[in-house]
Amino acid sequence: MLLRVGRGLWLPTDPALVDAGREADLAIGRARVAIVVLLAVNPATALVRHPDQAAAALALVIEILFIALAITVLQAARRHSPVPWLGFATAALDVSFITFYQAAVFSSPFTLIPLTSGITFALYLLAIVATSLRSDGRIAIFAGVLASIGWITLSRVYGDGGVGRIEELIIIAAATMLARIAASRARGLRLSSIRDNLTGLLTRAHFEERLATELMRSSRHNRPLALALIDVDQFKRVNDTMGHLAGDEVLREVGARLTRTVRRTDLCARFGGDEFALAFIDTSVADAAAKLEEIRRTVSATPIPFRIQAVVTITCSAGVAVAPLDGNDATTLILIADTRLLAAKQAGRNRLMVAG
């Protein structure tokens, strides 16, 4: 029972959500820069009024460092591929900044905001609530634990006995659970919009969106990217002779076999009907051809059993286009890959066509 609850609280991140969380990371990054700049007003004002206060000077130095760090994190989120640990790292950054900032500011007798004020406590709640935008409840729990540790530490060192009571910790726990619930709901809604209901692969719309992003990144770093369109051979015959339920089972099984074959960094989508799309990141023409030959053998290696005690052996054809050899934009690559897919089918099916 406890194990099931733990698994429910700590769901792994869907690879598609890692990339989809890019928008949330950028939004949080911009807000982080703005908030850090605003908070710099407090130590700056205290230092102007009392130039001899070392605590105010330290707080201002910390502010400047965190402003630079916040800008660096924002720029990194814009330029580099999203990674699963980024949300945890930025949540730790936010909570740690709040703790160090308050420790520096409130050690000064001339501080403008007392430790017992609602603003101090609200900063932790704001950091926790912001994690709900990332569609990953684990980050909310992580931020809540760090905030609790930071608040208890501050109250022990600088509190007046009325801070850090159990009430504040209960509020942090409540904010953490609400953020986790919001993240879980956002996760479900987001997955329904980017995952195909039948196969669980990416939808065509989301695939094309991510393909455009990966092509820009490949062009910027001068790295190849291979796009393949794969079609199940004679799929209409399965529907006509065995029914649409059998056809759905074929599509689900092909999607599962593709998922088991490609890397986690590659993109795999149901492109429409019985057609699938694969994007191999940082992959040359030769490597893409070798991978697709492996996929072709994998798809046709084992017959697919059905509930009606029938089996069917399927094959597939593929057309491949590679950037920058065939082009640098998604529309061109899709068109070329589709043309080569048609050539593969006209040449007898159960084969792939690549450049040349």
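Below, the structure is looked at part by part. Here, residues in each chain are numbered from 1, in the same order as that chain's written sequence. Reporting of local features is limited, given that this is a predicted model, to residues whose pLDDT is at least 70; pairs of side-chain atoms are given and counted only at 80 or more, and all residues count toward the totals for whole chains, interfaces and linings. Neither water nor hydrogens contribute to the side-chain values; these are computed over all heavy atoms in the structure.

### Remarks on the overall build of the protein
Helix and strand assignments follow DSSP, with helices taken as H or I runs no shorter than four residues and strands as E runs no shorter than two, numbered in order from the N terminus. Secondary structure assignment for the protein yields 14 helices and seven strands. Working definition: with a 1.4 Å probe on protein chains only, accessible area under 20% of the residue-type maximum means buried, over 50% means exposed, and in between means partly exposed. When burial is assessed residue by residue, the protein has 46% of its 356 residues classed as buried. Residue pairs at least 24 apart in sequence account for 72% of intrachain contacts in the protein once pairs closer than 6 positions are excluded. Surface exposure here means Shrake-Rupley accessible area, sampled with a 1.4 Å probe, where a residue is shielded only by the protein chains that are shown. Put simply, the protein shows about 17600 Å² of open surface, and 63% of that area lies on carbon and sulfur atoms. Whether two residues are in contact is decided by their heavy atoms, any of which lying within 4.5 Å being enough.

### Topic: helix α14 (residues 330-346)
Expected helix span is taken as 1.5 Å per residue step, with the number of steps being one fewer than the number of residues. Taking 1.5 Å per residue, 17 residues should reach 24 Å; α14 reaches 24 Å between its end C-alpha atoms and fits that length. Turning to α14, its buried residues number three or more, namely A330, L333, I334, A337, R340, L341 and A344. One face of α14 carries all of its buried residues, which in axial projection span an arc of 135°. Opposite the packed face of α14, turned more than 90 degrees from it, sit the exposed residues T331, L335 and Q346. On its buried side, α14 packs onto α10 (204-221), β1 (225-232), β2 (267-272), β3 (275-281), β6 (316-323) and β7 (352-353). Positive backbone phi, at 125°, marks G348, one or two positions downstream of α14. The arc in question is formed by the directions pointing from the helix axis toward the C-beta atoms.

### Points about unusual backbone geometry
Backbone phi values are negative for most residues with the exception of glycine, while trans is the configuration of most peptide bonds. A cis geometry characterises the amide bond from A323 onward to P324, with omega recorded as 5°. Mapped onto the fold, P324 is located in the loop between β6 and α14. One non-glycine residue, N350, lies in positive phi territory at about 55°.

### Quick notes on the sheet that holds β2
DSSP-based pairing: two strands are paired if at least 2 bridges between them are found. The mixed open sheet is built from five strands, whose spatial order is β2-β3-β1-β6-β7. Of all strands in the sheet, those with a lone pairing partner are β2 and β7, marking the two edges. Bridging between β2 and β3 involves five bridges; their strand directions are antiparallel. Following the sheet pairing, G272 is matched in β3 by E275.

### Examining the pattern of salt bridges
Salt bridges are defined by distance alone: a side-chain nitrogen of Lys or Arg within 4 Å of a carboxyl oxygen of Asp or Glu. With the rule as written, the count across this model stands at 16 salt bridges. For R204, the salt bridge goes to E208, with nearest N and O atoms at 3.0 Å. Residue R204 and its partner E208 are located together in helix α10, separated by four residues, close to a single helical turn. With a relative accessible area of 39%, R204 lands in the partly exposed category. Its salt-bridge partner being R257, residue E253 comes within 2.8 Å of it at the nearest N-O pair. Of the two residues, E253 and R257 are both situated in helix α12 (residues 244-261); the distance of four residues between them amounts to about one turn of the helix. A relative accessible area of 5% places R257 in the buried class. In this structure, a network of salt bridges that share partners links the residues D231, D233 and K345.

### Looking at the side chain of E214
Within the secondary structure, E214 is located in helix α10. Look at E214 and you get buried, because its relative accessible area is 9%. Residues in contact with E214, not counting those within four places in the same chain, are L225, L267 and I281.

### Digging into the packing of helix α11 (residues 235-242) against α12
Two numbers describe how α11 lies on α12: the axes approach to 7 Å, and their chain directions differ by 145°. Along its contact with α11, which presents F235, V238, N239 and M242, the element α12 presents H244, A246, G247, V250 and L251. Simply put, an axis is a line fit to the C-alpha atoms, just over the touching stretch for a helix, and the angle between two N-to-C directions goes from 0 to 180 degrees.

### A short note on the pairing of β6
Of all eight residues that make up β6, eight are buried, and the element is covered over most of its length. By the alternation rule, side chains of β6 split into C316, A318, V320 and V322 and S317, G319, A321 and A323, which are all buried. Of the strand pairs in this sheet, β1 and β6 are connected by eight bridges, and their pairing is antiparallel. Bridging from a neighbouring strand, L225 pairs with A323 of β6.

### Topic: the environment of T332
Along the chain, T332 turns up in helix α14. Residue class for T332 comes out partly exposed when judged on its relative accessible area of 28%. Spatially, the C-alpha atom of T332 lies 9.0 Å from that of A321, the residues being eleven residues apart in sequence. Apart from residues lying up to four places away in sequence, T332 is in contact with D326 and G327. Counted as a polar contact is a pair of N or O atoms within 3.5 Å, where, for protein atoms, one must be capable of donating a hydrogen and the other of accepting one, and residues adjacent in sequence contribute only when both atoms are in side chains. Here the side chain of T332 touches D329 through a polar contact of 2.7 Å, side chain to side chain.

### Focus: the packing of aromatic side chains
Put simply, two rings from Phe, Tyr or Trp (the six-membered ring, in Trp's case) pair if the centres are within 6.5 Å, and we call them stacked under 30 degrees between planes, edge-to-face over 60, tilted for the rest. Scanning the entire structure with this criterion turns up four aromatic pairs. Considering the side-chain rings of Y124 and W151, the 6.1 Å spacing of their centres and the 80° angle between planes classify their relative orientation as edge-to-face. Here Y124, found in helix α7 (residues 118-130), pairs with W151, found in helix α8 (residues 137-158); they are 27 residues apart in sequence, far enough to count as distant. Here the basic side chain of R204 rests over the ring of F271, its NZ or CZ set 4.0 Å away from the ring centre. Charge-over-ring contacts are defined here by two conditions on Lys NZ or Arg CZ: a distance within 6 Å of the ring centre and an angle within 35 degrees of the ring normal.

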